[in-house]
Amino acid sequence: SQQGEEDPQALSIQEGENATMNCSYKTSINNLQWYRQNSGRGLVHLILIRSNEREKHSGRLRVTLDTSKKSSSLLITASRAADTASYFCATNTGGFKTIFGAGTRLFVKA
Amino acid sequence: DTGVSQDPRHKITKRGQNVTFRCDPISEHNRLYWYRQTLGQGPEFLTYFQNEAQLEKSRLLSDRFSAERPKGSFSTLEIQRTEQGDSAMYLCASSGGLAGIIANTGELFFGEGSRLTVL
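Residues numbered from 1 in each chain as written. Chains lettered and ligands numbered in written order. Predicted model: local features only at pLDDT ≥ 70, side-chain atom pairs only at ≥ 80, totals over all residues. Heavy atoms only, no water.

A. Quick look at the overall build of chain A. Each helix and strand in chain A was counted, giving zero helices and eleven strands. Element order for chain A, N to C, with α for helix and β for strand: β-β-β-β-β-β-β-β-β-β-β. In terms of overall dimensions, chain A has a C-alpha envelope of 40 × 30 × 20 Å along the principal axes. A total of 110 residues make up chain A; the buried ones form 46% of that total. Within chain A, contacts between residues separated by at least 24 positions form 54% of all contacts whose residues are at least 6 apart in sequence. Summed over all atoms, the accessible surface of chain A reaches about 5000 Å², with 47% contributed by carbon and sulfur. (Helix = DSSP H or I, 4+ residues; strand = E, 2+ residues; numbered from the N terminus. Buried < 20%, exposed > 50% of the residue type's maximum accessible area, 1.4 Å probe, protein only. Contact = heavy atoms within 4.5 Å. Areas by Shrake-Rupley, 256 points an atom, 1.4 Å probe, with all protein chains shown as cover.)

Below, the structure is given as structure tokens:
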């Protein structure tokens, strides 16, 4: 079952613009993670935010978490063509299982 | 260490045949996961190993599927009597953990996946 739902399903922007992807989830979580996947490849971990954190930065990435709304957002600033990929949020409820959403497909036009 | 490796990367088989995928996790990781991903969807959890113990199997994993991790190192995922609906990318991931601690709060390291096409 999918715990997280990303929005939008697809996003097309110009290079240099910011890209914002949202994730909503259903149950209480221990942490939320964002992953990136290039076409036909495995997933690469981007950033993890714990349930007691509200915002986290890593390079051009900014993640926010609102546990009261059960939602998170991933902002990629100054996007590049190389950022073209699918982005997935994944939630961990404190056990061993990490559950992924359906993803947002980002296309950055050069 | 070169990360998580999976073999084969691609497998085309005829319906009814058996297939086996292998995953070699990062050597110091004691947790290993199998996920399945169909086109346009996120990875779906299949099963999880802590060392050699298989601690959970998803209901997605029918009795045609079996996974092993015999010595707590590499793992195999076998699909018997394949069906066209089994066509997907099978992803393996590993993560680190300290002995005796069950909770996993860390990142997953994924392999490049094994793409299965059942004709």
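B. View of the interface of chain A and chain B. Contact residues are listed per partner, giving 25 residues for chain A and 24 residues for chain B. Between chain A and chain B, a total of about 1900 Å² is buried, with carbon and sulfur atoms accounting for 50% of that surface. When residues of chain A are sorted by the area they lose upon contact with chain B, Leu43(A), Phe96(A) and Phe100(A) head the list and together hold 31% of the total. Counting every contact that joins chain A to chain B gives two salt bridges. The salt bridge involving Glu56(B) is made with Lys97(A); its shortest N-O contact spans 2.5 Å. Taken together, the connections running from chain A to chain B amount to seven residue pairs in polar contact (both at pLDDT 80 or more). For the side of chain A that touches chain B, the elements supplying multiple residues, two or more each, are strand E4 (31-37), strand E5 (43-50), strand E9 (85-92) and strand E10 (98-100) of chain A. When the residues that make up the side of chain A that touches chain B are grouped by side-chain class, the tally is eight nonpolar, 13 polar and four charged. (Buried area = accessible area lost by both parts, 1.4 Å probe. Salt bridge = Lys/Arg side-chain N within 4 Å of Asp/Glu carboxyl O. Polar contact = N/O pair within 3.5 Å; in protein donor to acceptor, adjacent residues only side chain to side chain. Nonpolar A, V, L, I, M, F, W, Y, C, P; charged D, E, K, R; others polar.)

C. Region of the structure containing the sheet that holds strand E6 (residues 55-58) of chain A. All names here are of chain A. The five strands are arranged E1-E3-E8-E7-E6 in an open sheet whose pairing can be described as antiparallel. Lying at the two open borders of the sheet, with one neighbouring strand each, are strand E1 (4-7) and E6. Averaged over neighbouring strand pairs, the angle between their axes works out to 15° when direction is ignored. (Pairing = 2+ DSSP bridges. Axes fitted to C-alpha atoms, helices over the stretch in contact; angles between N-to-C directions.)

D. Highlighting the sheet that holds strand E7 (residues 65-68) of chain B. All names here are of chain B. Spatial strand order, E1-E3-E8-E7: four strands in an open sheet with antiparallel pairing. The open sheet has two edge strands, strand E1 (5-7) and E7, and neither has a second partner. The average undirected angle you get between the axes of adjacent strands in this sheet is 15°. Across five bridges, the pairing between strand E3 (residues 19-24) and strand E8 (residues 75-79) is antiparallel. The residue bridging phenylalanine 21 from the neighbouring strand is leucine 77, located in E8.

E. Structural detail: the state of the cysteines. Residues and elements named next belong to chain B. Per the counting criterion, the structure on display carries two disulfides over all chains. Residue cysteine 23 pairs covalently with cysteine 92 via a disulfide, S to S 1.9 Å. Its S-S torsion of about -70° marks the bond between cysteine 23 and cysteine 92 as left-handed, since a negative value means left-handed. Of this pair, cysteine 23 sits in strand E3 while cysteine 92 sits in strand E9 (residues 88-95), placing them 69 residues apart in sequence. Across this residue pair, the class does not change: cysteine 23 and cysteine 92 are buried. (Disulfide = S-S within 2.5 Å.)

F. The arrangement of the side chain of Ser94(B) in detail. Residue and element names in this part refer to chain B. Take serine 94: it is sitting in strand E9. Serine 94 gets classed as buried once you look at its relative accessible area, which sits at 0%. In terms of polar contacts, serine 94 uses its side chain to reach the backbone amide nitrogen of isoleucine 26, at 3.4 Å. Apart from the residues within four sequence positions on either side, serine 94 is in contact with Val4, Pro25, Ile26, His29, Arg31, Leu32, Tyr33, Glu107, Leu108 and Phe109.

G. Looking closely at the environment of Lys26(A). Residues and elements named next belong to chain A. Along the chain, lysine 26 turns up in the loop between strand E3 (19-25) and E4. With a relative accessible area of 58%, lysine 26 lands in the exposed category. Each C-alpha atom, one on lysine 26 and one on glutamate 5, is 9.1 Å from the other, the two residues being 21 residues apart in sequence.

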